Amino acid sequence: MTAPHRSRLALVWGSALLVAGLLAGCSAPSSGDRDSAASSSASPTATVDVADGSADYTAFCAANRAAATAKSGTVGEDLEAVQAQVTTIRDLLPLDGVSAEVAAGAEVFATAAEETAAILAEFPADSLVSDVGLDPRFTESQAVQSAATDPDYQAFIAWTIQTCGFDTAGE
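Attention in this report is confined to the structure presented alongside it. Starting from 1, residues in each chain are numbered consecutively following that chain's sequence as written. Selection of residues for local features in this predicted model requires a pLDDT of at least 70, selection of side-chain atom pairs for listing and counting requires 80 or more, and totals for whole chains, interfaces and linings are taken over all residues. Only hydrogens and water are set aside when side-chain values are computed; all heavy atoms of the structure are taken into account.

## Thoughts on the packing of helix H8 (residues 142–149) against helix H9 (residues 151–164)
Reasoning step 1: Lines are fitted to the C-alpha atoms to define the axes, a helix being fitted only along its stretch in contact, and any angle between axes, read from their N-to-C directions, falls within 0 to 180 degrees. Elements are defined by DSSP. Helices are runs of H or I of four residues or more, strands are runs of E of two residues or more, and each kind is numbered from the N terminus. Put simply, H8 and H9 touch, their axes get as near as 6 Å, and they point 75 degrees apart. Between H8 and H9, the crossing angle belongs to the class labelled roughly perpendicular. Residues Ser-146, Ala-147, Ala-148 and Thr-149 of H8 form the contact with H9, whose participating residues are Pro-151, Tyr-153 and Gln-154.
Reasoning step 2: Looking at the contact of H8 with H9, its residues break down into four nonpolar, three polar and no charged. Our angle categories are set so that under 35 degrees counts as roughly parallel, over 145 as roughly antiparallel, 65 to 115 as roughly perpendicular, and the remainder as oblique. Contacts between residues were defined by any pair of non-hydrogen atoms, one from each residue, lying within 4.5 Å. Here the term charged refers only to Asp, Glu, Lys and Arg, the term nonpolar to Ala, Val, Leu, Ile, Met, Phe, Trp, Tyr, Cys and Pro, and the term polar to all other amino acids, Gly among them.

Here it is, written out as structure tokens:
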């Protein structure tokens with residue numbers, strides 16, 4: 001593998017981690033705002049009106065927050081969190097009342113999360129995510145490629161941040 005190829009893979013993996021970090025903003029308070037937000041963990045933006053009623057995305061936002069947090073832990077913790085993400089997004093599919101791009105991106109997200117879970121399951125549960133993150137099974141996976149290049153996936157991530165809320169109090 002050439003050095004530029006490795007750099008690109010590291011950039012792609014870094015982009016995937018950035019997406020996970022952005023998803024941590026789903027209803028997540030900043031470190032200086034944890035106490036004030038503790039009593040209101042369900043963001044008011046987590047319920048979105050749709051044509052035939054309203055959809056509650058609170059569980060999805062919480063699963064994304066947990067998955068982003070788990071990226072700093074063990075493979076076992078991350079696997080559990082990713083599986084919860086898959087369950088919550090699959091329960092919401094197909095998304096109604098969203099653009100075609102967001103709906104398609106939700107499907108890509110669910111498939112990518114399933115692929116990520118399958119890859120995580122190949123590692124010892126007590127391994128650190130940071131120790132396995134640049135493994136070619138991840139960096140060359142369709143999941144990471146989708147996070148970096150698929151416009152529908154990116155539209156879904158933007159929608160998720162908007163829907164779940166993104167803490168910008170520190171900015």
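Back to the write-up after that little detour.
## Comments concerning helix H3 (residues 58–70)
Reasoning step 1: A helix is expected to reach a length of 1.5 Å times the quantity of its residues less one. In a regular helix each residue adds 1.5 Å, so 13 residues correspond to 18 Å; H3 covers 18 Å between its end C-alpha atoms and thus fits that length.
Reasoning step 2: Type-normalised accessible area, obtained with a 1.4 Å probe on protein chains alone, sets the label of each residue: buried when under 20%, exposed when over 50%, and partly exposed for intermediate values. Of the residues making up H3, those classed as buried are Phe-60, Cys-61, Ala-63, Asn-64, Ala-67, Ala-68 and Ala-70.

## Quick notes on the pattern of salt bridges
Reasoning step 1: In the sections that follow, a salt bridge refers to a side-chain nitrogen of Lys or Arg positioned within 4 Å of a carboxyl oxygen of Asp or Glu. Taken as a whole and judged by the stated rule, the model has five salt bridges.
Reasoning step 2: Across the pair Glu-114 and Arg-90 runs a salt bridge, and its minimum N-O distance is 3.0 Å. Here Arg-90 lies in helix H4 (residues 75–92) and Glu-114 lies in helix H5 (residues 100–120), a separation of 24 residues in the sequence.
Reasoning step 3: Note on Glu-114: relative accessible area 33%, which makes it partly exposed.

## Looking at the packing of aromatic side chains
Reasoning step 1: Stacked, edge-to-face and tilted labels apply to pairs of Phe, Tyr and Trp rings (six-membered ring for Trp) whose centres lie within 6.5 Å, assigned for plane angles under 30 degrees, over 60, and everything in between, in that order. All told, the structure shown has seven aromatic pairs when counted by the stated rule.
Reasoning step 2: Ring geometry for Phe-60 and Phe-109: centres 6.1 Å apart, planes at 80 degrees, overall edge-to-face. Separated by 49 residues along the polypeptide, Phe-60 in helix H3 and Phe-109 in helix H5 bring together distant segments of the chain. Judged on exposure class, the residue Phe-60 and its partner Phe-109 are both buried.
Reasoning step 3: Aromatic pair Phe-109 and Phe-156: ring centres 5.1 Å apart, planes at 45 degrees, arrangement tilted. Residue Phe-109 is found in helix H5, and its partner Phe-156 is found in helix H9; the two are separated by 47 residues along the sequence.
Reasoning step 4: Overall, the relative accessible area of 0% leaves Phe-156 in the buried class.
Reasoning step 5: The rings of Tyr-57, Phe-60, Phe-109, Tyr-153, Phe-156 and Trp-159 are connected pair by pair, giving a single aromatic cluster.

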